[in-house]
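A look at the structure
What follows is each chain in one-letter form.
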Amino acid sequence: MVVLVSDGVSDYATKLLQADGWIVELISLLANPNQIKPKRFWGVYTKLKIFNMTNYKKVVYFDADTIVVRSVEDLFKCGKFCANLKHSERLNSGVLAVEPSQTVFNDMMTEVNTLPSYTGGDQGFLNSYYAGFANAHVFEPDLPQKVLDSRSVPEMERLSTLYNADVGLYILANKV
Ligand SMILES: *[C@@H]1O[C@H](CO)[C@@H](O)[C@H](O)[C@H]1NC(C)=O
């Protein structure tokens with residue numbers, strides 16, 4: 001478990017995270033370039049720094065408001081970029097599996113000020129960056145390793161809803 005700690009987090013909080021077993025990596029904030037954005041989104045572009053975690057082969061990212069209810073091991077089998085569609089044809093950036101890449105990160109940084117973000121945050125940026133995500137194939141964690149090794153890894157894959165569901169989906173499915 002790795003936590004990226006950006007500017008403004010107190011030493012006290014950082015030490016608590018360490019005491020809880022987190023590996024702390026200090027990073028700098030990535031400014032949100034959007035003029036119009038929800039106030040709480042001031043720091044969210046920093047999430048893009050996941051793509052710069054090149055000391056790791058794969059990073060599985062969860063927003064702080066998610067709850068892991070069963071093993072997430074399968075997500076580490078994801079190719080380059082996995083997310084799911086939520087309530088729409090747009091990807092949700094609350095749960096991501098990423099293969100960190102200097103090339104991809106640098107490319108993102110060249111586009112960060114120009115690509116539109118419909119949310120005013122990282123999720124909107126990622127939807128522009130991974131244009132066509134809605135047509136991505138579904139991630140299949142159970143493909144035999146032989147098949148995984150021999151295929152050309154897709155740029156993006158769509159996770160099933162099981163990997164990132166919420167109360168809204170539960171209510172829709174159960175019509176309560
Ligand atoms: C990306 O990672 C490298 C190496 O870990 C680091 O030196 C660099 O500052 C990072 N880039 C940004 C923009 O955070």
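These numbers come from a predicted model, not from an experiment. (Residues numbered from 1 in each chain as written. Predicted model: local features only at pLDDT ≥ 70, side-chain atom pairs only at ≥ 80, totals over all residues. Heavy atoms only, no water.)

Neighbouring the ligand are the residues K49, N52 and F105. Within the side chain of K49, a nitrogen or oxygen atom sits 3.0 Å from an oxygen atom of the ligand. In this structure, N52 approaches the ligand through a side-chain N or O atom, which is 2.3 Å from an oxygen atom. Burial of the ligand by the protein chains amounts to 38% of its free accessible area of 360 Å². (Near = heavy atom within 4 Å. Polar contact = N/O pair within 3.5 Å; in protein donor to acceptor, adjacent residues only side chain to side chain. Areas by Shrake-Rupley, 256 points an atom, 1.4 Å probe, with all protein chains shown as cover.)

Our next topic: the state of the cysteines. Under the counting rule described, the total for this entry stands at one disulfide. There is a disulfide in this structure between C78 and C82, and the S-S distance comes to 1.9 Å. Here the S-S torsion is close to 100 degrees, and the disulfide linking C78 with C82 is therefore right-handed. Just as C78 is buried, C82 falls in that class too. (Disulfide = S-S within 2.5 Å. Buried < 20%, exposed > 50% of the residue type's maximum accessible area, 1.4 Å probe, protein only.)

So, on to the nonpolar core. Ranked by size, the top nonpolar core spans 24 residues in total, and within it F81, F125, L126, Y130 and F133 carry the most contacts. Where this core is concerned, the elements lending two or more residues are β4 (81-85), β5 (91-98), α2 (102-111) and α3 (122-129). Listed in part, the eight residues of the second largest apolar core include V60, L75, C78 and F139. (Core = buried A, V, L, I, M, F, W, Y, C linked by side-chain atoms within 4.5 Å. Helix = DSSP H or I, 4+ residues; strand = E, 2+ residues; numbered from the N terminus.)

Attention now moves to the packing of aromatic side chains. The relative placement of two aromatic rings is captured by the distance of their centres and the angle of their planes. The final tally for this structure, using the stated rule, is seven aromatic pairs. Between F81 and F133, the aromatic rings sit 6.0 Å apart at their centres with planes inclined by 75 degrees, giving edge-to-face as the arrangement. Of this pair, F81 sits in strand β4 while F133 is found in the loop between α3 and α4 (145-150), placing the two residues 52 residues apart along the sequence. Its relative accessible area of 0% is what places F81 among the buried residues. For F133, a relative accessible area of 2% translates into the label buried. Joined through ring pairs, the aromatic side chains of Y45, F51, F81, F125, Y129, Y130 and F133 make up one cluster. The aromatic ring of Y118 is capped on one face by R90, whose charged end is 3.7 Å from the ring centroid. (Phe/Tyr/Trp six-rings, centres within 6.5 Å; stacked < 30°, edge-to-face > 60°. Lys NZ or Arg CZ within 6 Å of the ring centre and 35° of its normal.)

It is worth stressing that arrangement in space is one thing and function is another; only the former is reported here.
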